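# Observations on the three-dimensional arrangement
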2 protein chains.
Amino acid sequence: MNEYVAGLEGIPATQSNISDIDGERGILAYRGYPIAELAAHSNFEETALLLLDGRLPTAHALQVFDEQLRKNRMVKYNIREMMKSLPPTGHPMDMLQTAVASLGMFYPGSECLTGTQACAELDYVHNMSVKIIARMPVIVTMWEHIRNGYDPISPRTDLSFSENFLYMLTGEEPEPFYVDILDTSLILHAEHTINASTFAALVTGSTLASPYQVVAAAIGTLSGPLHGGANERVVDMLHEIGTPAKARAWLDKKLADKAKIWGMGHREYKVKDPRATILQTLMEKLVEYRGGRISPLFETAVALEAACNERLAVKGVYPNVDYYSGILYAEMGIPVDQFTSIFAVARTAGWLAHWKEQLSDNRIFRPTQVYTGEGARPYTPIAQR
Amino acid sequence: MNEYVAGLEGIPATQSNISDIDGERGILAYRGYPIAELAAHSNFEETALLLLDGRLPTAHALQVFDEQLRKNRMVKYNIREMMKSLPPTGHPMDMLQTAVASLGMFYPGSECLTGTQACAELDYVHNMSVKIIARMPVIVTMWEHIRNGYDPISPRTDLSFSENFLYMLTGEEPEPFYVDILDTSLILHAEHTINASTFAALVTGSTLASPYQVVAAAIGTLSGPLHGGANERVVDMLHEIGTPAKARAWLDKKLADKAKIWGMGHREYKVKDPRATILQTLMEKLVEYRGGRISPLFETAVALEAACNERLAVKGVYPNVDYYSGILYAEMGIPVDQFTSIFAVARTAGWLAHWKEQLSDNRIFRPTQVYTGEGARPYTPIAQR
């Protein structure tokens with residue numbers, strides 16, 4: 001009997017060649033390519049294809065994939081009508097799980113029924129991945145309008161993935177500077193080994209469920225406050241602090257109380273999270289781009305970051321990816337409760353890469369349990385209880 | 001470093017006091033009560049409360065729970081309208097995942113944010129469990145009418161859980177004999193330790209996601225053909241055999257070809273699955289009840305069962321729960337693609353019991369991986385690929 005470890009920490013649940021974390025050196029690599037290189041040279045479309053296929057695509061392969069993504073931006077009007085029946089007060093992540101699950105009804109069943117390499121290489125697996133990745137930002141931005149009582153903005157095929165996302169969100173062609181911020185953030189959030197949502201995708205996928213049900217399960221898992229919800233809480237925290245001048249005292253009080261500070265530290269990294277380093281640079285560029293005209297919230301974030309670097313960096317605790325993405329999204333005018341949706345849009349590429357990998361050598365997940373309950377006992381009639 | 005085991009087979013993923021399987025002796029017990037005792041003396045409502053709370057309820061506690069279940073049968077009209085936008089050709093399990101996820105939008109967020117015993121004991125946890133268990137059969141039966149173009153039948157509060165299920169399915173007050181078959185089947189399917197869908201519920205629940213997202217993730221996982229879909233395939237198999245006279249020759253051919261025979265054997269049991277024994281008795285009673293007027297499909301099933309018992313029982317392989325439930329549901333006129341939905345209705349009690357248990361001592365699931373991919377490599381410009 002193997003020993004029980006809570007949360008399966010340190011227990012290998014899969015063999016994977018998709019991504020790797022070197023927590024000592026602060027390196028996250030997708031298919032061997034360090035995230036810093038991808039953030040500097042790649043775009044989300046290419047990174048998604050890299051994750052799915054395992055290699056940087058040729059110019060032709062990337063063009064084909066990009067065209068497939070653009071063509072699959074249209075969603076059926078049933079989806080729009082369905083959204084109109086959902087309560088505007090619901091959380092966007094619940095909507096996203098609902099909408100992705102419903103998309104699966106239009107493509108019922110799975111063509112991959114053997115769980116072998118041949119199955120993972122089916123056109124079906126690639127085509128469904130394209131459909132889902134392409135539609136995620138469309139669904140997210142449609143809902144932003146529908147929940148406010150407006151018709152959604154139709155997607156455009158002449159825009160890149162990130163351009164179209166911001167266009168559908170605002171109805172205006174976005175400034176390239178903000179497109180770059182979003183695209184970099186999507187690259188950085190696309191994959192991160194076996195976190196809880198990716199693990200849920202593996203478990204659901206291991207029964208050979210359809211990719212829509214796999215991604216819906218992962219979205220549900222990501223929605224939890226212990227996983228994807230942290231960057232939303234960073235903004236709440238900054239509002240709680242109030243003004244930049246109060247940041248240092250607020251931090252000292254929290255540290256004295258041993259309270260949780262959102263957006264700080266990461267279990268996997270002993271040094272600074274490489275994704276945070278990249279986003280920090282974007283934050284600095286944004287200050288510069290705005291010529292110093294930044295919001296009070298952003299100023300508070302800068303002040304808190306400085307205080308944290310002074311107090312916590314010596315302990316190896318740094319602002320993490322949630323800290324910077326939360327601030328950047330807020331400064332771009334994205335509603336706070338949509339932050340996790342953007343995370344989901346990006347991570348869908350990683351989830352589907354893991355789904356494909358799981359299919360290539362599948363075995364259903366059925367761990368065991370340590371039974372701690374009652375031994376066999378006879379049924380007691382209700383009058384005798 | 002722990003050794004990698006595919007599918008985490010034999011690796012304990014949780015400590016649980018909900019159910020236990022003794023595969024050598026063929027005993028499945030919920031909270032210590034053997035399933036045969038529960039099938040003989042309990043009903044689904046009591047069994048669900050037993051699973052959730054860990055003890056057989058007093059008469060008063062059972063009455064309160066039963067009333068709560070009855071009161072929560074109404075669903076908001078938005079859910080009905082949403083269903084009308086879903087494609088009638090979609091699989092009912094995809095619809096079920098969609099509808100349960102959407103229900104979560106009406107109760108956003110989770111009140112359980114500590115992952116401790118106090119959190120599991122919140123009224124919130126009990127109340128959400130009631131709402132979900134009560135609405136599962138309502139959603140399933142509503143969809144059966146909506147997908148056929150008809151208005152759903154309104155639930156009735158004067159009927160038991162299983163009575164109302166069959167009433168909403170057919171529009172007629174069901175014969176007590178069939179209510180008993182369904183109720184027994186629900187008891188037998190309510191829980192089965194850490195199978196893939198229950199494990200998915202644990203993983204999703206471990207991020208403190210809402211119970212709607214937890215159950216939606218479990219539904220997606222159950223939908224896979226390697227998990228919940230087997231009883232549907234039993235019926236397909238019987239149609240393939242065609243007539244009772246052909247059953248023995250068909251079986252011998254399949255055995256010679258070493259082909260998969262649906263509804264036979266179970267990984268956990270060395271002897272006959274105790275649930276199958278109970279359903280087999282119900283099948284015999286149904287033949288008697290019908291005075292021998294059974295369908296050709298049922299006759300084929302009886303002939304195949306006899307052939308299997310002759311050829312396979314010596315190897316410790318017996319018809320399993322899926323075999324008998326598939327035949328019984330088919331004979332009750334339930335559409336084949338709704339079989340897994342009935343499984344989901346029953347298993348929701350088990351999923352929510354595990355959700356509650358996970359919350360009582362939570363740790364996020366984040367296993368590790370064996371990385372088998374490329375080492376660090378520099379980004380290659382697109383022109384050089």
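Residues numbered from 1 in each chain as written. Chains lettered and ligands numbered in written order. Predicted model: local features only at pLDDT ≥ 70, side-chain atom pairs only at ≥ 80, totals over all residues. Heavy atoms only, no water.

### Brief notes about the relation of the copies chain A and chain B
The transform that puts chain A on chain B rotates by 180 degrees and translates by 0.0 Å along the axis, for an RMSD of 0.0 Å. In the structure described here, the two chain copies are related by an operation that fits a two-fold rotation axis. Considering only C-alpha atoms, the residue of chain A closest to the rotation axis is Ala217(A), which sits at 2.0 Å. When you check the interface residues of chain A against chain B, 100% turn up at the interface there too, and the contact is symmetric in its surfaces. (Least-squares fit on C-alpha atoms with pLDDT ≥ 70 in both. Contact = heavy atoms within 4.5 Å.)

### Topic: the side chain of Asn195(A)
Relative to the elements of secondary structure, Asn195(A) occurs in the loop between helix H9 (176–189) and helix H10 (196–205). Within the local environment of Asn195(A), its side chain forms a polar contact with the backbone oxygen of His192(A), the two atoms lying 3.2 Å apart. Within polar-contact distance, the side chain of Asn195(A) engages the side chain of Thr198(A) at 3.0 Å. Contact partners of Asn195(A), with chain neighbours within four places excluded, come to His227(A), Arg347(A), Phe365(B) and Arg366(B). (Helix = DSSP H or I, 4+ residues; strand = E, 2+ residues; numbered from the N terminus. Polar contact = N/O pair within 3.5 Å; in protein donor to acceptor, adjacent residues only side chain to side chain.)

### A few points about the packing of aromatic side chains
A ring pair, where both rings are aromatic, is described by two values, the distance of the centres and the angle of the planes. In total, this model carries 17 aromatic pairs over all chains according to the counting rule given. Consider the rings of Phe44(B) and Phe161(B), whose centres lie 4.7 Å apart with planes at 40 degrees: the pair is tilted. Of this pair, Phe44(B) sits in helix H2 (residues 44–53) while Phe161(B) sits in helix H8 (residues 161–170), and the two are 117 residues apart along the sequence. Of the two residues examined, Phe44(B) and Phe161(B), each falls in the buried class. Of the aromatic side chains, those joined through ring pairs into one cluster are Phe199(A), Phe365(A), Phe199(B) and Phe365(B). The aromatic ring of Trp262(A) is capped on one face by Lys260(A), whose charged end is 5.0 Å from the ring centroid. Taking the ring centre of Trp262(B) as reference, the NZ or CZ of Arg233(B) above it sits at 5.3 Å. (Phe/Tyr/Trp six-rings, centres within 6.5 Å; stacked < 30°, edge-to-face > 60°. Buried < 20%, exposed > 50% of the residue type's maximum accessible area, 1.4 Å probe, protein only. Lys NZ or Arg CZ within 6 Å of the ring centre and 35° of its normal.)

### What to know about the pattern of salt bridges
Residue and element names in this part refer to chain A. Enumeration over the complete set of coordinates arrives at 38 salt bridges over all chains. With its nearest N and O atoms 3.0 Å apart, the salt bridge here joins Glu 310 to Arg 311. By relative accessible area, which is 46% here, Glu 310 ends up partly exposed. Linked by salt bridges that have partners in common, Arg 248, Asp 252, Glu 310 and Arg 311 make up one network. (Salt bridge = Lys/Arg side-chain N within 4 Å of Asp/Glu carboxyl O.)

### Thoughts on unusual backbone geometry
Positive phi values are uncommon outside glycine, yet Leu208(A) reaches one of about 65 degrees. With respect to the helices and strands, Leu208(A) occurs in the loop between H10 and helix H11 (211–222). The phi torsion at Arg31(B) lies on the positive side, around 55 degrees, for a residue other than glycine. Along the polypeptide, Arg31(B) turns up in the loop between strand E3 (27–30) and strand E4 (33–34). By relative accessible area, Arg31(B) is classed as buried at 9%.

### Quick look at the interface of chain A and chain B
Interface size is often expressed as the accessible area that is lost when the parts come together. The interface is formed by 103 residues belonging to chain A together with 103 residues belonging to chain B. Between chain A and chain B the total buried area reaches about 9,300 Å² when both faces are included, carbon and sulfur atoms providing 59% of it. When the area that chain A buries against chain B is broken down by residue, the three leading residues are Met105(A), Arg366(A) and Tyr379(A), summing to 10%. The interface formed by chain A and chain B includes 6 salt bridges. Note that Glu9(B) is salt-bridged to Arg363(A), the shortest N-O span being 2.3 Å. For the pair chain A and chain B, the interface holds 57 residue pairs in polar contact (both at pLDDT 80 or more). (Buried area = accessible area lost by both parts, 1.4 Å probe.)

### Some details on the sheet that holds strand E4 (residues 33–34) of chain A
Residue and element names in this part refer to chain A. An order of E2-E3-E4 is seen for the 3 strands of this open sheet, with the pairing classed as antiparallel. One side of each edge strand has no neighbouring strand; the edge strands of this open sheet are strand E2 (19–22) and E4. Relative to strand E3 (residues 27–30), E2 is paired through 4 bridges, and the arrangement is antiparallel. Counterpart to Asp 20 in the pairing with E3 is Ala 29. (Pairing = 2+ DSSP bridges.)

### Quick notes on the pairing of strand E1 (residues 12–16) of chain B
In terms of residue burial, E1(B) counts as a mostly covered element, since 4 of its 5 residues are buried. In the sheet, strand E5 (residues 368–371) of chain A pairs with E1(B) via 4 bridges, with the strands oriented parallel. Its bridge partner lying in E1(B), Gln369(A) is registered against Thr14(B).

### Some details on the sheet that holds E4(B)
Within a sheet, adjacent strands bond to each other through the backbone by hydrogen bonds, running parallel or antiparallel. Residue and element names in this part refer to chain B. The strand order E2-E3-E4 describes an open sheet built from 3 strands, whose pairing is antiparallel. Lying at the two open borders of the sheet, with one neighbouring strand each, are strand E2 (19–22) and E4. In this sheet, E4 lies alongside E3 in antiparallel orientation, the contact comprising 2 bridges. Across the sheet, the residue bridging to Ala 29 is Pro 34, located in E4.

### Observations concerning the side chain of Ser223(A)
Mapped onto the secondary structure, Ser223(A) falls in the loop between H11 and helix H12 (230–241). The exposure class of Ser223(A) is buried, given its relative accessible area of 18%. Within the structure, Ser223(A) has its side chain in polar contact with the backbone oxygen of Gly220(A) (distance 2.6 Å). At 2.5 Å, the side chain of Ser223(A) forms a polar contact with the side chain of Gln213(B). For Ser223(A), the residues in contact, after removing those within four places along its chain, are Met93(A), Ala209(B) and Gln213(B).

### A look at the confidence of the model for chain A
Looking at chain A, pLDDT values average 94 and 99% of them are 70 or higher. Complex prediction metrics read pTM 0.96 and ipTM 0.96. (pLDDT = per-residue confidence, 0-100.)

### Side note on the environment of Ile241(A)
Residues and elements named next belong to chain A. Considering the arrangement of structural elements, one finds Ile 241 in helix H12. Given a relative accessible area of 4%, Ile 241 falls into the buried group. Sequence spacing of Ile 241 and Asp 123 is 118 residues, and the spatial spacing of their C-alpha atoms is 51 Å. Among all residues touching Ile 241, those that are not within four sequence positions of it are Lys 246, Ala 247, Trp 250, Thr 300 and Leu 304.

### A look at helix H14 (residues 274–289) of chain B
Residues and elements named next belong to chain B. In a regular helix each residue adds 1.5 Å, so 16 residues correspond to 22 Å; H14 covers 23 Å between its end C-alpha atoms and thus fits that length. Here H14 has its buried residues at Pro 274, Arg 275, Ala 276, Ile 278, Leu 279, Gln 280, Leu 282, Met 283 and Leu 286. Buried residues along H14 sit in contact with E3, helix H1 (35–41), helix H9 (176–189), helix H15 (296–311), helix H16 (321–331) and helix H17 (339–360). Just past H14, the residue Gly 291 takes up positive phi, approximately 60 degrees. (Expected span 1.5 Å × (residues − 1).)

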